[in-house]
Amino acid sequence: MASSSKYKFGLLWSVGFVAFALVPVLMTSRYQMNLASHILIWGLFAVAFNMLWGVTGMLSFGQALYFGIGAYSIGLFVNHAGKAWYLPAIPIGLVAAAMLSFLLGLLVIRVSGVYFTMLTLAFAQLAWQVTFKWYDFTGGDDGIQGIIAPGILANKMVYYYFVLVVVFISVWFLKRLAYSPFGLILRCVQQNPNRVRFIGRSVKMNQLRIYVISSVFAALAGSLMVGVDNSIHTDMLFWTTSGEVILMSVLGGINQFFGPFVGAVILILLEDIIGAKTEFWPIFLGTIVLIFVILFPKGVVGEIQHLRHRLKIAGESGGRHETHASA
Amino acid sequence: MKPMLRLEGLRKSFGGLRVTDEVSFEIQPQEIAAIIGPNGAGKTTLFNQITGYLAPDGGHVFLEGQEIAGLTPQKIVKMGVGRAFQIASIFPDETALDNVRAACMSKLNQTRHLWRPVERFNRATEQAFAVLASLGLERQADRMAYELAHGDQKLLDIGIALVLEPKLLLLDEPTAGMSPEERQLTRQLIKQLWAQYKLTLIFIEHDMDMVFGIAERIMVLNHGALIADGTPGEIRNNKEVITAYLGEEA
Ligand SMILES: Nc1ncnc2c1ncn2[C@@H]1O[C@H](COP(=O)(O)OP(=O)(O)OP(=O)(O)O)[C@@H](O)[C@H]1O
Ligand SMILES: [Mg+2]
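Just so it is clear, the structure is predicted and the values come from calculations on it, not from any experiment.

Conventions adopted
Position numbers for residues count from 1 along each chain, tracking the sequence in the order it is written. As they are written, the chains are lettered A onward and the ligands numbered 1 onward, keeping that order. The predicted nature of this model means local features are confined to residues of pLDDT at least 70 and side-chain atom pairs, given and counted, to a pLDDT of 80 or more, with totals for whole chains, interfaces and linings taken over all residues. Only heavy atoms go into the side-chain values, all of them from the structure, while hydrogens and water stay out. Helix and strand definitions here come from DSSP, where helices need a minimum of 4 consecutive H or I residues and strands a minimum of 2 consecutive E residues; each element is numbered from the N-terminal end. Using C-alpha atoms as the atom set, the radius of gyration is obtained and then compared with a globule rule of 2.2 Å times the number of residues to the power 0.38. Only protein chains enter the accessibility calculation, which uses a 1.4 Å probe. A residue is then buried if its area is under 20% of the maximum for its type, exposed if over 50%, and partly exposed in between. It only takes one pair of heavy atoms within 4.5 Å for two residues to be counted as in contact. To be clear on the numbers: accessible area is Shrake-Rupley with a 1.4 Å probe, and residue cover counts the displayed protein chains and nothing else. Buried area is calculated as the accessible area (1.4 Å probe) missing from two parts once they are joined, with the contributions of both summed. For this document, the term salt bridge refers to a Lys or Arg side-chain nitrogen within 4 Å of an Asp or Glu carboxyl oxygen. Polar contacts, as used here, are pairs of N or O atoms within 3.5 Å; protein pairs need one atom able to donate a hydrogen and one able to accept it. Residues neighboring in sequence count only if both atoms are side-chain atoms. To estimate how far a helix should extend, the number of its residues minus one is multiplied by 1.5 Å. With water omitted from the atoms examined, metal sites may look incomplete; donors here are N, O and S atoms no farther than 2.8 Å from the metal, or 3.2 Å in the case of Na, K and Ca. Each patch is assembled from residues with relative accessible area greater than 30% and no salt bridge, linking like charges that lie within 9 Å and nonpolar side chains (Val, Leu, Ile, Met, Phe, Trp, Tyr) that lie within 5 Å. Strand pairing is defined by DSSP finding a minimum of two bridges between the two strands. Any residue with a heavy atom positioned within 4 Å of a molecule or strand is treated as near that molecule or strand. Classification convention: Asp, Glu, Lys, Arg as charged; Ala, Val, Leu, Ile, Met, Phe, Trp, Tyr, Cys, Pro as nonpolar; all other residues, Gly among them, as polar. Here an angle of 0 to 180 degrees is reported between the N-to-C directions of two axes, which are lines fitted to C-alpha atoms, with helices fitted over the stretch in contact.

**Looking at the overall build of chain B**
If you tally the helices and strands in chain B, you get 9 helices and 10 strands. Here the C-alpha radius of gyration of chain B, 18 Å, is about what a compact globule of 250 residues would show, namely 18 Å. A total of 250 residues make up chain B; the buried ones form 57% of that total. By sequence separation, contacts in chain B at least 24 residues apart represent 67% of the contacts at least 6 residues apart. Surface exposure of chain B reaches about 10,600 Å², of which carbon and sulfur atoms provide 49%.

**Observations regarding the interface of chain A and chain B**
How big an interface is tends to be stated in terms of accessible area lost as the parts join. Counting residues at the interface gives 30 residues for chain A, matched by 42 residues for chain B. Here chain A and chain B share an interface that buries about 3,400 Å² over both sides, 57% of which is from carbon and sulfur atoms. For the pair chain A and chain B, the interface holds 2 salt bridges. One salt bridge in this structure joins arginine 187 of chain A and glutamate 94 of chain B, with 2.9 Å as the shortest N-O distance. Summed over the shared surface of chain A and chain B, the result is 17 residue pairs in polar contact (both at pLDDT 80 or more). Contributing elements (two or more residues each) for the side of chain A that touches chain B: helix H7 (156-178), helix H8 (181-191), helix H9 (193-197) and helix H10 (203-229) of chain A.

**A closer look at helix H6 (residues 180-196) of chain B**
With 17 residues, H6 of chain B ought to run about 24 Å at 1.5 Å a step, and its terminal C-alpha atoms sit 24 Å apart, in line with that. Here H6 of chain B has its buried residues at Thr186, Arg187, Leu189, Ile190, Leu193 and Trp194 of chain B.

**A few points about the coordination of the magnesium ion (ligand 2)**
All names here are of chain B. Bound to the magnesium ion (ligand 2) are the protein donor atoms Thr44 (OG1) and Gln86 (OE1), situated 1.9 to 2.2 Å from the metal. Taken together, the residues span a long stretch of sequence, with threonine 44 in helix H1 (residues 43-50) and glutamine 86 in the loop between strand S6 (81-84) and helix H3 (96-107) at a distance of 42 residues. Relative accessible area serves as the criterion here: at 24%, threonine 44 is assigned to the partly exposed category. The exposure class of glutamine 86 is partly exposed, given its relative accessible area of 32%.

**Some thoughts on a nonpolar patch on the surface**
All names here are of chain A. Side chains of Phe17, Val18, Leu22, Val25, Leu26, Val165 and Ile169 sit close together on the surface and give an oily, nonpolar patch of about 620 Å² of accessible area. Secondary-structure elements contributing two or more residues to the nonpolar patch are helix H1 (2-26) and H7. If one sorts the elements of the nonpolar patch by residue count, H1 sits on top with 5 residues.

**Focus: the sheet that holds strand S5 (residues 66-67) of chain B**
Residue and element names in this part refer to chain B. Taken together, the 4 strands give an open sheet; going across it, the order is S2-S1-S4-S5, and neighbouring strands pair in antiparallel fashion. The open sheet terminates on both sides in strands that have one partner only, identified here as strand S2 (17-27) and S5. Note: strand S4 (residues 58-63) against S5, 2 bridges, orientation antiparallel. Residue pairing in the sheet places phenylalanine 62 in a bridge with glutamate 67 of S5.

**Some points on the site of ligand 1**
Residues and elements named next belong to chain B. The environment of ligand 1 is formed by 13 residues, the closest being Gly40, Lys43, Thr44, Thr45 and Gln86. Lysine 43 places a polar side-chain atom, nitrogen or oxygen, 2.8 Å from an oxygen atom of ligand 1. Histidine 206 is positioned with one of its side-chain polar atoms (N or O) 2.9 Å from an oxygen atom of ligand 1. Secondary-structure elements contributing two or more residues to the shell around ligand 1 are S2 and H1. Sort the elements by how many residues they give to the shell around ligand 1 and H1 lands first, with 3 residues. Looking at the shell around ligand 1 residue by residue, the class counts come to 4 nonpolar, 7 polar and 2 charged.

**Regarding the pattern of salt bridges**
All names here are of chain B. Overall, the coordinates contain 14 salt bridges over all chains when judged by the stated rule. In this structure, glutamate 8 engages arginine 6 in a salt bridge whose closest nitrogen and oxygen atoms are separated by 2.5 Å. Classification of glutamate 8 as partly exposed rests on a relative accessible area of 31%. Judged by relative accessible area, arginine 6 falls into the partly exposed class, the value being 30%. Lysine 167 is the salt-bridge partner of glutamate 64, the closest N and O atoms lying 2.7 Å from each other. In this pair, glutamate 64 sits in the loop between S4 and S5 while lysine 167 sits in the loop between helix H5 (150-162) and strand S7 (168-172), placing the two residues 103 residues apart along the sequence. By relative accessible area, lysine 167 is classed as partly exposed at 33%. Within this structure, Arg6, Glu8 and Glu26 form a network of salt bridges that share partners.

**Points about the sheet that holds S6 of chain B**
All names here are of chain B. Strand order in the open sheet made by the 6 strands is S6-S7-S8-S3-S9-S10, with mixed pairing throughout. Single-partner strands in this sheet number two, and they are S6 and strand S10 (225-230). The average angle at which neighbouring strand axes cross in this sheet is 15°, direction not considered. Here S7 runs beside strand S8 (residues 200-204); their pairing, made up of 5 bridges, is parallel. By the bridge assignment for S8, leucine 170 is matched with isoleucine 202. Contacts from H1 reach strand S3 (32-36), S6, S7, S8 and strand S9 (217-222) within the one sheet, and its direction differs from that of S7 by about 150°. Of the strands in this sheet, S6 and S7 touch H5, which is tilted by about 170° from S6.

**A look at the environment of aspartate 98 of chain B**
Note that aspartate 98 of chain B resides in helix H3. Remark: the alpha-carbon pair of aspartate 98 of chain B and glutamate 26 of chain B, spanning 72 residues in sequence, is separated by 35 Å. If we skip the residues at most four places from it in the chain, aspartate 98 of chain B touches Leu184 of chain A together with Val118 of chain B.

Here is the structure:
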């Protein structure tokens, strides 16, 4: 049973990889490759975010802060120190995100529930204000344009495959993490924090660890985005960016590892389709998402798993059904 | 030999209510003792102070001669005090196996591993299975904890504590909410676990068959104070206990 689901996962994983790898070959316009890059990067961002929310039960409304750090690290270095800093700025941004998330983490994990959510939102909005107001340094509301990746990465197709590989390795790492002992403890923290202390583990320490890890991957996603759009903008730090990964997770299902990734696919395609048809797209999108969430409260992947589970029980015609956690 | 547990003048109040009133006693290694008393007598609160969930207002708690009052639950657990709760405290959306395995991995200091899947940790998996088996839960290993019957959830809670290999195990009403048949089984099971794991065991119970059936020693709490402490025979004939507690039941 476990090995067959593992096999299925490996199959899905390969199919997904091949599908994304074929986009540049099969596309009818460059725009589609751009769209696929967005899906990959937001998918990573959402999956990393959901390690906090779906897995550990920490609803951060401020992950845009780290997404922005990843992007701004590149933008600011290239703008102020020169083109040669593009690649070094990526690890610098990740380290900056790790340090800041550690320090802010010490503060925000002191509170839980809606207070945690509000506090993370407040810090992210503060960072947004700073980038917005500090025009000379950050370009303010104009952002920074014309940031070109160095060497062969300047080629859009090469860059696409670079994104594909980085995203797949990152998601693979997070998937391993989710089913490791650390991942198990994180789920325990969500389900019964009190009991976690009585098996000898610190709730806060584990929350801090995943907060840092999730934030570093958010920063990685942000840094990947720069080469796709060749620009950075204060919107990357705005609360709507944090909101977007929450929406993706809800759409895809927060209790399934790949839920948020599927949510990213759906949301970005919806935005694209509706955005092309009407300028009132946020209203339409909002309505669709709302209906969606009401119809499929477990998210797309969650509902599919639920359905499969019920079919399996029906199929086992009367026999005592063993219940399994579906990945 | 140092006593496994020693309380000295332990005090705790909630507002004006005295819930632990100058409680002192000693428990020797491998003793099996029961704490009884009416509802609200302060039994759970006493466990809460021993295990670090609540800090006492005054007095001392010594584990093998070492002061533990006011330490965090994590520290106290690591020093060898295990605990199961009055209302089963489990991880509902994990399998029974993972409930116990998580605790086992905590004990083995494996919870920082973030690459290898949980199933590949053979030692933790074997130990978790062994504990499930000793509780008669091995056939429930792959079921989600929330799906288990109430009685099995109570046993699972004990399993989580047991896999930590505690020197001192505290059970808060292990048979609460069980059917008479389940109680009977659980009573035998606990006595057996006590012997098998060479535990020092203190349990809180309202079920008198269990208390007088397996405890070598009984302590009686009333309004936060220890009003009696002795063998089952002594407690049975203690007038104060009869009026304070047993009398109410009759
Ligand atoms: N955290 C708390 N804050 C305020 N009062 C509390 C708290 N915990 C317990 N109490 C009160 O302290 C008293 C003792 O509670 P405790 O849970 O220790 O009783 P108990 O002997 O375990 O009772 P039972 O047999 O019903 O489980 C009760 O009156 C309870 O309402
Ligand atoms: Mg109680």
